[in-house]
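Residue strings, one per chain:
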Amino acid sequence: MQTERVLIGDLKKHSGKEVTIAGWVDVRRDHGKLIFFDLRDRSGKVQVVALPNHAEAHKLAGDARAEWVLQVKGKVNARPEKMVNKDEANGALELEALEIIVLSAAKELPFEQSAELNLDTYLDYLPLTLRTPRAQAIFKVQAVIIAAFREFLTSQGFTEFQSPKLIGEDAEGGANTFEVEYFGHKAHLATSPQLYKQIMVGALERVFSTSNVYRAEKHSTSRHLNEYTSLDFEMGFIADHTDVMETETGFLQLMAQRLRETCAAEFALLKSDIPTVPEKIPSLKLREAQKIIKEEYGVDCINEPDLEPQHERWLCEYAAKKFGSDFIFITHFPLAKRPFYTMEDDADPGYAKGFDLLFRGIEITTGAQRIHEYDALVAALARKGLNPEKFAFYLQAFKYGMPPHGGIGLGLERLTAKLLGLENVKEATLFPRDLNRIDILLSK
RNA sequence: GGGGUCGUAGCUCAACUUGGUUAGAGCACUCGCCUGUCACGCGAGAGGUUGCGGGUUCAAGUCCCGUCGGCCCCGCCA
């Protein structure tokens, strides 16, 4: 029968008792006759002390090294008053080792867990480096973001669905796709769940998905990935794109609330702040934003169809200063710059009922109201030089009745990175795929 | 596709500008000492094809040319 294991985070409840814990050796401090080591499990850390009067345990404590996996039976002692470590959750107690079982020895580590690493070294050793408190904090925060996305949208009557990753045609014609050999045919990896989201609006009215998408772009920057997670929702029966913006704002507000409730320690560790999300996120038309850039920063980008990364950084700086918001919506990009399914604003011809959301200097979302009338959509395809016949499957959704609708795609890794102040989006990706790397460098 | 920058020990870096004996440091590792440490401490040791190839020179980690690789910026996007 297996020994009952106590979680390290629960040791306080067992003061004075004999318990068995198990975990990884963090740091060892060997004084010869007296050996200390910190043991770590999913719930926390505790100092174990091995004394010579338990000879076998003392010997094994001397042999153990960082990352060895040990099971330790011991007595939960209060530490002498002078030895209390106020910085640790278990700093007032320690475990006196009575019996140690080595569950797994570890080879010599290439570096200490606390070492500051270059990004490529960090990525080369992810199975090891993901054990650091920093990495664990990043991916706990990311899990909370996804949970908040599910929680908020579910509460608003959205249904989660799984979008296909293998698609036939390069439907949207925008981003470059990875080609896949498919039983003698050519298939592609999805660059977005967009078309399936819209089809699902016809079925379930309000839907969302959290999917990996794939972009075969040879970019090499601190904000691009070739496989990333897109948080997508699409909702029917909207008046216009501002309904979509409100829904996204509602998600961001719940996300910030959940982060404040559960991730304060993680944000403290990463030395970043949880943003306050305004009741109404400030919103500017692209042309207004460009005017501001000219007035505030002296660069004339008026009439350019899009924002450059530097412009996005400036606008976020401006939003923080002027509106006290880390977020700002930019609306009404030229229709020509947006995908075929984007709806034009009749009140502002030539411009889209769509938006980007900028956060702390970077674009994290694109959203819009979509064209829902079959004939208008077929015409829009033709205007973009796309062949409507290739979209016949998708077009059925519109042929047979589709409400006014719209939605967004949000880059999870970008949001995570900017929330936590990470310099490179790859740090906010468990196993990033980029131009040079799928787990290991492709050149190796 | 265009541009910038970097490559020295397992890791993080110094020495390069201004060429000069045996390429150093911290951490990790090995051995020894240590009963209150918590980045434990002290002493000793081991660890290098300076990415690779060529050139200049009495002499190259350092200068030049080529090449391979990383990172970053722009384009494109989330």
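Residues numbered from 1 in each chain as written. Chains lettered and ligands numbered in written order. Predicted model: local features only at pLDDT ≥ 70, side-chain atom pairs only at ≥ 80, totals over all residues.

> I keep staring at the overall build of chain A and nothing clicks. Help me out?
Looking only at helices and strands, chain A has twelve helices and 19 strands in total. Over its C-alpha atoms, taken along the principal directions, chain A stretches across nearly 85 × 55 × 45 Å. Counting only residues that meet the buried cut, chain A has 37% of its 444 residues in that class. For chain A, the proportion of contacts with a sequence separation of at least 24, taken over those separated by at least 6, is 64%. (Helix = DSSP H or I, 4+ residues; strand = E, 2+ residues; numbered from the N terminus. Buried ≥ 20, exposed ≤ 12 C-beta atoms within 10 Å, placed from the backbone. Contact = placed C-beta atoms within 7 Å.)

> What am I meant to see in the pairing of strand β2 (residues 35–41) here?
As a general feature of sheets, a regular strand has side chains that alternate between the two faces. For strand β1 (residues 18–30) and β2, the ladder comprises five bridges, and the chain directions are antiparallel. Across the sheet, the residue bridging to Asp 30 is Ile 35, located in β2. As defined by bridge partners, β2 adjoins strand β3 (residues 44–50) across seven bridges and the pair is classed as antiparallel. Looking at the pairing, Ile 35 lines up with Ala 50 of β3. Where β2 hands over to β3, the hairpin turn is made up of two residues, counted between the paired strands. (Pairing = 2+ DSSP bridges.)

> Just to check I follow, could you spell out the protein's contact with RNA strand B for this structure?
Taken together, 60 residues surround RNA strand B, and among them Gly 32, His 219, Thr 221, Pro 309 and Asn 436 come closest. Listed by contribution, the elements that provide at least two residues to the surface near RNA strand B are β1, β3, α2 (119–124), α9 (309–323), β15 (362–370), β16 (405–411) and α12 (412–420). Broken down by element, the surface near RNA strand B gets its largest block of residues, four residues, from β15. In terms of residue class, the surface near RNA strand B is made up of 21 nonpolar, 20 polar and 19 charged. (Near = placed C-beta within 6 Å. Nonpolar A, V, L, I, M, F, W, Y, C, P; charged D, E, K, R; others polar.)

> Explanation requested: the sheet that holds strand β19 (residues 440–441) in the structure shown.
Within a sheet, adjacent strands bond to each other through the backbone by hydrogen bonds, running parallel or antiparallel. A sheet is described by the order of its strands in space; here three strands give the open sequence β17-β18-β19, paired in antiparallel fashion. Both edges of this open sheet fall to β17 (433–434) and β19, since each of them pairs with a single strand only. Pairing of β17 with strand β18 (residues 437–438), which is carried by two bridges, proceeds in the antiparallel orientation. Considered in β18, the bridge of Asp 434 is made with Arg 437.

> Just to check I follow, could you spell out the sheet that holds strand β13 (residues 327–331) for this structure?
Pairing is mixed across the open sheet formed by eight strands, whose spatial order is β6-β10-β11-β16-β15-β14-β13-β12. If you trace the sheet from one side to the other, it starts and ends with β6 (159–160) and β12 (283–285), each paired once. As paired strands, strand β14 (residues 354–359) and β15 are joined by six bridges and run antiparallel to one another. Residue pairing in the sheet places Leu 358 in a bridge with Glu 363 of β15. In the packing of helix α6 (residues 241–262) onto the sheet, contacts are made with β11 (227–236), β13, β14, β15 and β16, and the angle to β15 comes to roughly 140°. Against the sheet, α12 contacts β11, β14, β15 and β16, and its axis sits at roughly 55° relative to β16. (Axes fitted to C-alpha atoms, helices over the stretch in contact; angles between N-to-C directions.)

> I tried to follow helix α5 (residues 194–204) on my own but got confused; where do I start?
Within α5, eight of the eleven residues are buried, which leaves the element mostly enclosed by the surrounding structure. Those residues of α5 lying buried are Gln 194, Leu 195, Tyr 196, Lys 197, Gln 198, Ile 199, Met 200 and Val 201. Against β10 (206–214), β11, β15, α11 (392–399) and β16 lie the buried residues of α5. Remark: Glu 205 follows α5 within two positions and exhibits a positive phi of approximately 75°.

> What is the right way to look at the nonpolar core in this model?
Taken as a class, soluble globular proteins show a tendency for nonpolar side chains to be buried jointly. Leu 315, Ile 328 and Ile 330 are the most contacted members of the largest nonpolar core, which totals 77 residues. Ranked by residue count, the leading element in this core is helix α4 (residues 133–155), at seven residues. Judged by nonpolar contacts, the second largest core, of 23 residues, contains Ile 8, Phe 37, Leu 70 and Val 72. (Core = buried A, V, L, I, M, F, W, Y, C linked by C-beta atoms within 7 Å.)

> Would you mind going over the pairing of β11 with me for this structure?
The element β11 is extensively covered by neighbouring structure, given that eight of its ten residues are classed as buried. Bridge count between β10 and β11: nine bridges; the pairing is antiparallel. Residue Tyr 214 lies in a different strand from β11, and its bridge partner there is Glu 227.

> What is the right way to look at α9 in this model?
Because the α-helix completes a turn every 3.6 residues, residues three or four places apart line up on one side. Taking 1.5 Å per residue as the helical rise, α9 with its 15 residues ought to reach 21 Å, and the 20 Å between its terminal C-alpha atoms agrees with that figure. When we look at burial in α9, the residues that qualify are His 311, Glu 312, Trp 314, Leu 315, Cys 316 and Ala 319. Taken together, the buried residues of α9 touch α8 (286–297), β13, β14 and β15. Immediately beyond the C-terminal end of α9, within one or two residues, lies Gly 324, with a positive phi of roughly 65°. (Expected span 1.5 Å × (residues − 1).)

> How should the domain arrangement of chain A be read in this particular structure?
Where interface size is quoted, it is often the accessible area lost as the parts come together. Domain boundaries in chain A define domain 1 (8–104) and domain 2 (123–441). Using C-alpha coordinates to define each centre, domain 1 is positioned 46 Å away from domain 2. (Domains from an automatic or database assignment.)

> Explanation requested: the packing of α4 against α12 in the structure shown.
In a pair of packed helices, the angle between the axes and the distance between the axes together describe the arrangement. Running from amino to carboxyl end, α4 crosses α12 at an angle of 125°, the nearest separation of the two axes being 10 Å. Taken together, the axes of α4 and α12 lie oblique to each other. α12 is crossed by α4, and the crossing has right-handed handedness. Contacts between α4 and α12 involve Ile 138, Val 141, Gln 142 and Ile 145 from the first element and Leu 412, Leu 415, Thr 416, Leu 419 and Leu 420 from the second. Of the residues belonging to the contact of α4 with α12, the class tally is seven nonpolar, two polar and no charged. (Parallel < 35°, antiparallel > 145°, perpendicular 65-115°, else oblique. Left-handed = near helix turned anticlockwise from the far one by under 90°.)

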